[in-house]
Amino acid sequence: MTNNTEKQVEKPNFYEFLNKPEIKPYQSTVDGKALFEDLIRTIPRYAVLDDHYSKTTALWIMHTYVYPKFAYSPRLNITSAHKGCGKSTVLQIVGLLANKPYQAESITKSSFVRDVDAYKPTILIDEVDEMFKDKENGHTLVAVLNGGYGYNGTVISSVARGNTWQSKRYETFCPVALSGIKDIPLPALASRCIVLRLQKVLKYKIKQKEKLKTHKRKYRKPFEELQSKLLRWSQDVELDDDVEMPEDWEARFCDNWRPLFAIAKSFDCEQMVIETANNFIEEDDDDKNLKVLKDALEVFDEEKKWSSEFCAELNTETYYQIFNFSKGITPDNLAKLLKPFGIRPKSIRKGEKTYKGYERKQFVPHWQAHGWVDDTGLQGKETLMYSRNKGWRM
């Protein structure tokens, strides 16, 4: 609970507040599938995106108009390993098409809770990696972003009313899109995200795209027309807020994708969204595989490791602690993650005991293939190692 002095000032209309023209519903009925197709034609005109990213972005934009019908609103996380991959451009496109876009390079907790409660906007935060560096305000805001993922997200604040203090409840449930370098380092928030991982692209591909010109109203009109259609569609569409999800999807993944799945189902495109979402499952699996392969560099401070020892060291990191409903990564999980590399557990004898485990030499060719170690391999005490906390070290 926080203490604030709140003046009794009536909030202006959202569009007046941001000094933008008000978006009004389209006059005639809008077909959902045709609208979706308009979006997936519009988005790639300005950004280099894989097909499944364009479809996901389009569905996520549609969800910003109907999110109150669902229990959760997935965060859209637009990220890349490097600068200059188009993150801000994609976020700008989202801002031109989403419902009540409210963009900020930084935002305080107090501003967030008051404006979300008053306007129910779509929050867009660029350079979110900088926010995480602010330990006091950044982590407090992350807690609000986590809570606002669900329909019952609230913040209780004590406000001055005359000579007394009274508690006031602020609703924080709203769509949020984030853009920044690298993955979100906080597992709770990361698990609430649909992640678009952008890559560097060749210059000729960028030149083939149209430039976003939004400094004048005439350039924004096509986007405003789409927003108008989205608003009308949202008023007419009937959505199944408890739509049955594919059985092989994990619970949190289902929570994140349910609004998008229900939207696609409303115009009979369930198979399309299943195929689209499965691309993200494969990407996530690939990321986990590579991460555990790289983290093995630090784990192997000796020639042999039992699987139990391997997992114990990995579980010192928060990333692995959230496996298996926060029970941590297990030897079975480890074996599955290493299997694509042809690395399989074998009987490892240490002293008088023998258990399943791994030898460092099983990993060396893969580390070399990724350029994580030099061609001399890993021999003796002067081994080049990778530390999750300290980076490269000898």
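Residues numbered from 1 in each chain as written. Predicted model: local features only at pLDDT ≥ 70, side-chain atom pairs only at ≥ 80, totals over all residues. Heavy atoms only, no water.

Glancing now at the packing of helix H3 (residues 51–63) against helix H11 (residues 251–266). When two helices pack together, you describe them by how their axes are tilted relative to each other and by the distance separating the axes. For the pair H3 and H11, interaxial distance at closest approach is 9 Å and the crossing angle is 95°. Taken together, the axis directions place H3 and H11 in an arrangement best described as roughly perpendicular. Each of Thr 56, Leu 59, Trp 60, Met 62 and His 63 in H3 lies in contact with H11, whose residues at this interface are Trp 257, Pro 259, Leu 260, Ile 263 and Ala 264. In terms of residue class, the contact of H3 with H11 is built from eight nonpolar, two polar and no charged. (Axes fitted to C-alpha atoms, helices over the stretch in contact; angles between N-to-C directions. Helix = DSSP H or I, 4+ residues; strand = E, 2+ residues; numbered from the N terminus. Parallel < 35°, antiparallel > 145°, perpendicular 65-115°, else oblique. Contact = heavy atoms within 4.5 Å. Nonpolar A, V, L, I, M, F, W, Y, C, P; charged D, E, K, R; others polar.)

What follows concerns the sheet that holds strand E11 (residues 353–359). Strand pairing in a sheet is mediated by backbone hydrogen bonds. Such pairs are either parallel or antiparallel. Read across the open sheet, the three strands follow the order E9-E11-E10; overall the sheet is antiparallel. Across the chains shown, the open sheet's two edge strands, defined by having one partner strand only, are strand E9 (304–306) and strand E10 (346–350). Pairs of neighbouring strands in the sheet enclose a mean axial angle of 60°, with direction left out of account. The pairing of E9 with E11 spans three bridges and is antiparallel. The residue of E11 that forms the bridge with Trp 306 is Gly 357. On the sheet, helix H13 (residues 307–314) packs against E9, E10 and E11 and is oriented at approximately 85° with respect to E9. (Pairing = 2+ DSSP bridges.)

The parallel open sheet is built from five strands, whose spatial order is E3-E4-E7-E2-E8. If you trace the sheet from one side to the other, it starts and ends with strand E3 (101–104) and strand E8 (193–198), each paired once. When the angles between neighbouring strand axes are averaged without regard to direction, this sheet yields 15°. Here strand E4 (residues 122–125) runs beside strand E7 (residues 176–181); their pairing, made up of three bridges, is parallel. Across the sheet, the residue bridging to Ile 123 is Val 176, located in E7.

All of the buried residues along helix H5 (residues 109–119) are Lys 109, Phe 112, Val 113, Arg 114, Asp 115, Val 116 and Tyr 119. The first or second residue beyond H5 is Lys 120, which carries a positive phi of 50°. (Buried < 20%, exposed > 50% of the residue type's maximum accessible area, 1.4 Å probe, protein only.)

Okay, the confidence of the model for the chain next. A low pLDDT means the predicted coordinates there should not be read in detail. Counting all residues, the mean pLDDT for the chain is 84, and 87% of those residues have values of 70 or more. This model gives residues 5–9 a pLDDT under 50, and the stretch forms nine contacts once residues within four places in sequence are excluded. Low pLDDT, under 50, characterises residues 378–394; the stretch is placed with 41 contacts to residues that sit more than four places away or in other chains. (pLDDT = per-residue confidence, 0-100.)

The next thing to look at is the pattern of salt bridges. Scanning all chains against the criterion turns up 18 salt bridges. Each of Asp 301, Glu 302, Lys 305, Glu 309, Glu 313 and Lys 350 takes part in salt bridges that share partners, so that together they form one network. (Salt bridge = Lys/Arg side-chain N within 4 Å of Asp/Glu carboxyl O.)

The next subject is the packing of aromatic side chains. Remark: the centre distance and the inter-plane angle together describe each pair of aromatic rings, the angle taken between the planes. Using the criterion set out here, one finds 18 aromatic pairs in the structure. When the ring of Trp 249 is compared with that of Phe 261, the centres are 6.3 Å apart and the planes differ by 85°; the resulting orientation is edge-to-face. One end of the pair, Trp 249, is in the loop between helix H10 (217–236) and H11; the other, Phe 261, is in helix H11, and 12 residues separate them in sequence. The exposure classification of Trp 249 matches that of Phe 261, with both residues buried. Taking the ring centre of Tyr 26 as reference, the NZ or CZ of Lys 229 above it sits at 5.3 Å. (Phe/Tyr/Trp six-rings, centres within 6.5 Å; stacked < 30°, edge-to-face > 60°. Lys NZ or Arg CZ within 6 Å of the ring centre and 35° of its normal.)

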